[in-house]
4 protein chains.
Amino acid sequence: MLGVGVIGTGMIGQDHIRRMATVLSGVRVTAVTDVDAAVAARAAARIGAAVHGTGEDVIADPAVDAVVVTSWGPTHEQYVLAAIAAGKPVFCEKPLATTQQACLRIVEAETAYGARLVQVGYMRRYDGAYRALKRALDDGAIGTPLMMHCAHRNPSVPAWYERESMITDTAVHEIDMVRWMFGQEITAVQVLIPRRSGNGGALQDPLLLLLQTADGVLVDVEISVNIRYGYDIRGEIVGEHGTAALGELSPVTVRSAGRISTPVPADWRERFIGAYDVEFQEWIDSVAGGGRPAGPSAWDGYAAAVVSDAGVAALRTGSKVEVALTRKPSLYSKTEVAA
Amino acid sequence: MLGVGVIGTGMIGQDHIRRMATVLSGVRVTAVTDVDAAVAARAAARIGAAVHGTGEDVIADPAVDAVVVTSWGPTHEQYVLAAIAAGKPVFCEKPLATTQQACLRIVEAETAYGARLVQVGYMRRYDGAYRALKRALDDGAIGTPLMMHCAHRNPSVPAWYERESMITDTAVHEIDMVRWMFGQEITAVQVLIPRRSGNGGALQDPLLLLLQTADGVLVDVEISVNIRYGYDIRGEIVGEHGTAALGELSPVTVRSAGRISTPVPADWRERFIGAYDVEFQEWIDSVAGGGRPAGPSAWDGYAAAVVSDAGVAALRTGSKVEVALTRKPSLYSKTEVAA
Amino acid sequence: MLGVGVIGTGMIGQDHIRRMATVLSGVRVTAVTDVDAAVAARAAARIGAAVHGTGEDVIADPAVDAVVVTSWGPTHEQYVLAAIAAGKPVFCEKPLATTQQACLRIVEAETAYGARLVQVGYMRRYDGAYRALKRALDDGAIGTPLMMHCAHRNPSVPAWYERESMITDTAVHEIDMVRWMFGQEITAVQVLIPRRSGNGGALQDPLLLLLQTADGVLVDVEISVNIRYGYDIRGEIVGEHGTAALGELSPVTVRSAGRISTPVPADWRERFIGAYDVEFQEWIDSVAGGGRPAGPSAWDGYAAAVVSDAGVAALRTGSKVEVALTRKPSLYSKTEVAA
Amino acid sequence: MLGVGVIGTGMIGQDHIRRMATVLSGVRVTAVTDVDAAVAARAAARIGAAVHGTGEDVIADPAVDAVVVTSWGPTHEQYVLAAIAAGKPVFCEKPLATTQQACLRIVEAETAYGARLVQVGYMRRYDGAYRALKRALDDGAIGTPLMMHCAHRNPSVPAWYERESMITDTAVHEIDMVRWMFGQEITAVQVLIPRRSGNGGALQDPLLLLLQTADGVLVDVEISVNIRYGYDIRGEIVGEHGTAALGELSPVTVRSAGRISTPVPADWRERFIGAYDVEFQEWIDSVAGGGRPAGPSAWDGYAAAVVSDAGVAALRTGSKVEVALTRKPSLYSKTEVAA
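Residues numbered from 1 in each chain as written. Chains lettered and ligands numbered in written order. Predicted model: local features only at pLDDT ≥ 70, side-chain atom pairs only at ≥ 80, totals over all residues. Heavy atoms only, no water.

**Student:** Any details on the sheet that holds strand S6 (residues 118–120) of chain D? Residues and values, ideally.
**Tutor:** All names here are of chain D. As summarised here, the arrangement of the six strands in space is S3-S2-S1-S4-S5-S6, forming an open sheet in which the pairing is parallel. Single-partner strands in this sheet number two, and they are strand S3 (50–51) and S6. Of the pairings in the sheet, the one linking strand S2 (residues 27–33) to S3 comprises two bridges and is parallel in character. By the bridge assignment for S3, Val32 is matched with Val51. In this fold helix H8 (residues 268–287) packs onto strand S1 (2–7), S2, strand S4 (66–69), strand S5 (90–92) and S6, with an angle of close to 150° to the strand it touches most, S4. (Pairing = 2+ DSSP bridges. Helix = DSSP H or I, 4+ residues; strand = E, 2+ residues; numbered from the N terminus. Contact = heavy atoms within 4.5 Å. Axes fitted to C-alpha atoms, helices over the stretch in contact; angles between N-to-C directions.)

Written out as structure tokens, the structure reads:
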């Protein structure tokens, strides 16, 4: 039974605690902390976990075998580095850190440690439809990949959401997915500006993001974040002799009032709840008994940050921006996620 | 943490042990037994459970809070009755017992006990697509239901499979599903004989089974068990002003070689693995801490047996056969499964 | 340029006149008549055709090379026999005649004439989706056919529609389609009664019609004629190792308000307008220059009438009714419609 | 009965002759010519038309009420101008002329004539799926349009096909479609270069073409011309609160060998044959009796040429290229094609 300490018991932290306490196998949450002590205390009480004053105390707790970081983004670096220093596996929600420099410091600390401890919360790699898509690609069903068409559609966004969030919060999922899907780094980014939706106020919504991989695959990503009708994630890979796309996945088809219709998920929770469960179970299974995480690595977190920065620059300048990564440490050289 | 004892560690018993040990939350398998002691010992060793010589010993074990019966069908009655006698919750794989008389004895024993202890393993009630279908129906999306069209297709069947198995092993899932979907007993059964498939040897395959509910809904079920192309479960409810059907559920769509195609599940495991997980987690959650099971009841097991017997009679005689149930005890009068 | 005389210029007659005058090639309507002379005169004036007092005069007109009968059903026999007597090709809207005896008299007259002159207006054989379905079947894509599932759904029916119309007006299209699809006569008919829709008043709606072919294919047909949501025609053939179904055929897919939806046709005109065009063009092409019609024959009209009568008897009695056809004249022995 | 003269009896000319002779209504081909007199003579013989030595002779023939130009592209200008000079309606297959200057000369000639005579053969405006898509857009089903995603996929291309053909022969259909769909001129063009398919030899295949309309709608067009699996045309418009896409249009769905599949058209003929029929019938109906054509105008042909030239420049330079049209004459100011 893996003992997990959770740093940050806000909405997403509480959801992961619920998941570990009532859905998954082989895990128990043994300690928690939060910047708001009362919130932490309530979360701990529900599951009989210890409450600590700081993230470092959580990490140091002997009942904590592995750490989950779901605190405010700017504190991620500090806790992930502390977990590495303690030699404990750490699952950090995205982003790994809020700057590419901070991500690089984590990569360097983990490299110095000499083995993988860090996993970043890019959950699409665990979604059944994306995995089936990757299997179809890897099985050669469509030949060598040449292009990919994506759409990332949100019905609406919260008040804090701003211009750059289109890249850093929304499209960052496609950035990680593309790197994983094709096993290639992204080398250039461009952002095109369509007519603006009236639903988003002053926000430039939608955008068309263009990503190019090291071997030339061109990926276009429609980012629409006030499209009202639902949460809709789509992707189609164009290969040399065919294409493969995410399926439609509707549990029910209704014929009424002149139409044949299927429901669209209302939000990302509904669409990806299963992926979160798989992501956490696989992480628990991999690190239990002293094993190494197999999911998105610190390098993946770093690369996503660099590409995301390039995307923001592309958005601001209107120009194509090249992506410059540091040399990849050999620690990250093997394929890290099985299909 | 619910302690579960498993009686019968054959293929399905082992699969449920794996599920409880590595997938689900709040449960641990504490004791097992099997008619083959060596098989039981191996299953126990993998998870650190006790091994007992008899099912009765498993039931009596103080570390066993609840019982799972996955032994040979003809032994189900004995173990379920023993669990009721011990006042312990018992999950029994279908069929509840091999005759309707045995099922009735279980109903009577549970009624005498005065509270629900028994749950029967009809897992379709836990499938996401069937639940979405029932929600659409209950929400009034299509009006009052009038008919339902079903297909139950297997690519092939094992050597032991015989004429009556079409009803008792295959269509019995639709029998339970129809009762649950419409909240009505089935009152009459008829079986029609189409042209025979060459794939099934002497077996009369396919069949068209017709079920009528107490309020007149007419359900037709195609049963095809050697159809080669895959495992395919379909259902469409026809209401007064529309229809609702199970969705297509394909994770990926491939365009190649002149066709747009989606995969069909290879077998029932692939199609319903998620439903088994949900079924067991909900059962564990319901009986943990002394609670009552909310899934398919002993009455449901009895009713399925009676309808199934009527189906076999209809198959043999070619005539429509009325279904005669005993009076339903009040213990089973409330709705037992939420959508 | 084929000169066509139209007997009966009601709604359907006028629609065929419009079709021949403004859509199709190689044809011109040269003479018309109607029981209402004023209606006939108006129809004739629009296209410059002659108006005659009787159907017999139309048939006798030297400018009439071929005859279209779209008069009131009870008059069909008279005009079709007159056309045969004149040796002129005659396209008769369904039904060929209102009794099987009348249909048989036409068969006998045509057989005595010694060559095909008569075509009956069963337009589904000309529908692109049905033709693609038949091609898939004939190509062996699914193996030997064993069953077929059909649905014939109307949003509503006119005031004159009565109990027997469910068979004689609605399901008669499936009766002809099944004979054509499988190249087999229908040998038995049964009708089952589901719960009654509140939308149809006293009408028993829906019905489940069961047809059996000479080689054992079992066809179930849902007939729902007040289902409100649209006009929906479906069919799936179950073969030994797969199935083939009519496609979905939606020109547009809309994502809005939480749903992905496609439109359903509002009525049979929208669904089958293309089939009518193909039906008439192929008929014109076949009979121009003295050729023989290749579409549904007088025999097909007779067989549909006999099966339809059996369906009405089955509906009235609740029993399975055998179909007894006379011996098929050799004139009709060859396959009459290419895929 | 409209008398039509056909200039150019190559493959496409012969197909239009077949269409007018055997499919459509109210038309007859009265005269033909071709650079190869023997080919012209054979085409004429089949339908009883006159053969002339030159296109000018065809135009001058009193039995010719309207002209169809299907000769070699470089000769289009000459014949269209001659038809305008003769005051006869002329249907010119795309392109209207091979340079934008030549197109402009036609626009000027027609403007000087003072009424529309010219229609250009952009047939997608007559396709049922595109029309349904435009109706959905115009009905407000998805709100104001912001983006459109298109794919134009060919299984293979002929030997003469070259780099620029990707724009001038293939994407030119999307160029016209976008102008028609949104009722806006295209103001800028960009071409992006994905990884190259091995199926196309030295050809840069695929491309991603980006079109921007005057009101800011951004359209991306995947152009893949050696994708083997079939001919596939797709389009999805992204609006403020939903999207609308071309439907899937499959006549049949087959379940076999582990897959649910629908066929893809083999080539453009199969996909658009119906659109050609509608296009010609509407043209015939519009110009018969001295009427004016309502389809794609000389201005549309000119605009497509200018945008196409910009696309070629964008392909060569890798830069975004602005589109500069001359001032639009008032002759073309009204909407020219009904949905």
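**Student:** Please set out the interface of chain A and chain D residue by residue, giving values where relevant.
**Tutor:** Of the residues lining the interface, 37 residues belong to chain A; the matching set on chain D comes to 37 residues. When chain A packs against chain D, the two sides together hide about 2,700 Å² of surface, and 58% of this comes from carbon and sulfur. It is A:Leu146, A:Arg195 and A:Glu240 that lose the most area in chain A upon contact with chain D, and together they represent 22% of the buried surface on that side. For the pair chain A and chain D, the interface holds six salt bridges. Among the ionic pairs, A:Asp215 bridges to D:Arg195, the shortest N-O distance being 3.2 Å. (Buried area = accessible area lost by both parts, 1.4 Å probe. Salt bridge = Lys/Arg side-chain N within 4 Å of Asp/Glu carboxyl O.)

**Student:** Tell me about the pairing of strand S11 (residues 232–239) of chain A, residues and numbers included.
**Tutor:** Residue and element names in this part refer to chain A. Within S11, seven of the eight residues are buried, which leaves the element mostly enclosed by the surrounding structure. Sheet topology places strand S7 (residues 145–153) next to S11; eight bridges connect them, and they run antiparallel. The residue of S11 that forms the bridge with Ala151 is Arg234. In this structure, S11 lies alongside strand S12 (residues 242–246), joined through three bridges in antiparallel fashion. Note that in S12 the partner of Ile237 across the bridge is Ala244. (Buried < 20%, exposed > 50% of the residue type's maximum accessible area, 1.4 Å probe, protein only.)

**Student:** Could you give an account of the packing of helix H5 (residues 100–113) of chain D against helix H9 (residues 298–317) of chain D, with specific residues and numbers?
**Tutor:** All names here are of chain D. It is the contact of H5 with H9, at a shortest axis distance of 9 Å, that shows an interaxial angle of 160°. With respect to H9, the element H5 is oriented roughly antiparallel. By crossing handedness, the relation of H5 to H9 is classed as left-handed. Within the contact between the two elements, H5 uses Gln100, Cys103, Leu104, Ile106, Val107 and Glu110 and H9 uses Ala298, Trp299, Gly301, Tyr302, Ala305, Val306 and Asp309. Taken together, the residues of the contact of H5 with H9 sort by class into nine nonpolar, two polar and two charged. (Parallel < 35°, antiparallel > 145°, perpendicular 65-115°, else oblique. Left-handed = near helix turned anticlockwise from the far one by under 90°. Nonpolar A, V, L, I, M, F, W, Y, C, P; charged D, E, K, R; others polar.)

**Student:** So what's going on with helix H7 (residues 165–182) of chain B? Which residues, and what values?
**Tutor:** Residues and elements named next belong to chain B. Between its first and last C-alpha, H7 extends 25 Å over 18 residues, near the 26 Å set by a 1.5 Å rise per residue. The largest bend in H7 comes to about 60°, at Ala171. Counting buried residues along H7, 16 of its 18 residues qualify, which places the element largely inside the surrounding structure. Looking one or two residues beyond H7, the residue adopting positive phi is Gly183, at roughly 60°. (Expected span 1.5 Å × (residues − 1). Bend = angle between axes of the 7 residues up to and from the residue.)

**Student:** Account for the interface of chain C and chain D, with residues named and values stated.
**Tutor:** Taken together, the 32 residues of chain C in the interface contact 32 residues of chain D. Here chain C meets chain D over a buried area of about 1,900 Å², counting both sides, of which 50% is carbon and sulfur. One salt bridge in this structure joins C:Glu236 and D:Arg255, with 3.9 Å as the shortest N-O distance. Between chain C and chain D we count ten residue pairs in polar contact (both at pLDDT 80 or more) in total. When contributions to the side of chain C that touches chain D are tallied by element, the ones reaching two or more residues are helix H1 (11–22), helix H6 (128–138), strand S12 (242–246) and strand S13 (252–256) of chain C. Classifying every residue of the side of chain C that touches chain D gives 18 nonpolar, eleven polar and three charged. (Polar contact = N/O pair within 3.5 Å; in protein donor to acceptor, adjacent residues only side chain to side chain.)

**Student:** Give a description of the relation of the copies chain C and chain D that names residues and reports values.
**Tutor:** You can overlay chain C on chain D at an RMSD of 0.0 Å; the transform is a turn of 180° with a shift of 0.1 Å along its axis. Taken together, the rotation and translation describe the operation of a two-fold axis. With an isologous cut-off of 70% or more, the 100% of interface residues of chain C that recur at the interface of chain D puts this contact in the isologous class. (Least-squares fit on C-alpha atoms with pLDDT ≥ 70 in both.)

**Student:** Explain the pattern of salt bridges to me, using residue names and the numbers behind them.
**Tutor:** Applying the stated rule across the entire model yields 89 salt bridges over all chains. Note that B:Asp267 is salt-bridged to B:Arg269, the shortest N-O span being 3.6 Å. Taking the relative accessible area as the measure of exposure, B:Asp267 reaches 27% and is therefore partly exposed. B:Arg269 sits in the partly exposed class, given a relative accessible area of 39%. Each member of the salt-bridge network shares a partner with another, and the members are A:Arg153, A:Glu222, A:Asp232, A:Arg234, A:Glu248, C:Arg255 and D:Glu236.

**Student:** Provide a residue-level description of the confidence of the model for chain A, including the pertinent values.
**Tutor:** All names here are of chain A. For chain A, per-residue confidence averages 96 on the pLDDT scale, and residues scoring 70 or more make up 98% of the total. This model gives residues 335–339 a pLDDT under 50, and the stretch forms 15 contacts once residues within four places in sequence are excluded. Here the predicted complex carries an ipTM of 0.96, next to a pTM of 0.96. (pLDDT = per-residue confidence, 0-100.)

**Student:** Account for the packing of aromatic side chains, naming residues and giving values.
**Tutor:** All names here are of chain A. Enumeration according to the criterion identifies 32 aromatic pairs over all chains in this entry. Taking 6.3 Å as the distance between ring centres and 80° as the angle between the ring planes, the aromatic pair formed by Tyr231 and Phe272 counts as edge-to-face. Of the two residues, Tyr231 is situated in the loop between strand S10 (218–224) and S11 and Phe272 in helix H8 (residues 268–287); the sequence distance between them amounts to 41 residues. Across this residue pair, the class does not change: Tyr231 and Phe272 are buried. Here the aromatic rings of Trp299 and Tyr332 are separated by 6.3 Å at their centres, their planes lie at 25°, and the arrangement is stacked. Of the two residues, Trp299 is situated in helix H9 (residues 298–317) and Tyr332 in the segment after strand S15 (321–322); the sequence distance between them amounts to 33 residues. With respect to class, Trp299 is no different from Tyr332; both count as buried. Grouping aromatic residues by their ring pairs yields a cluster made of Phe91, Phe280 and Trp283. (Phe/Tyr/Trp six-rings, centres within 6.5 Å; stacked < 30°, edge-to-face > 60°.)

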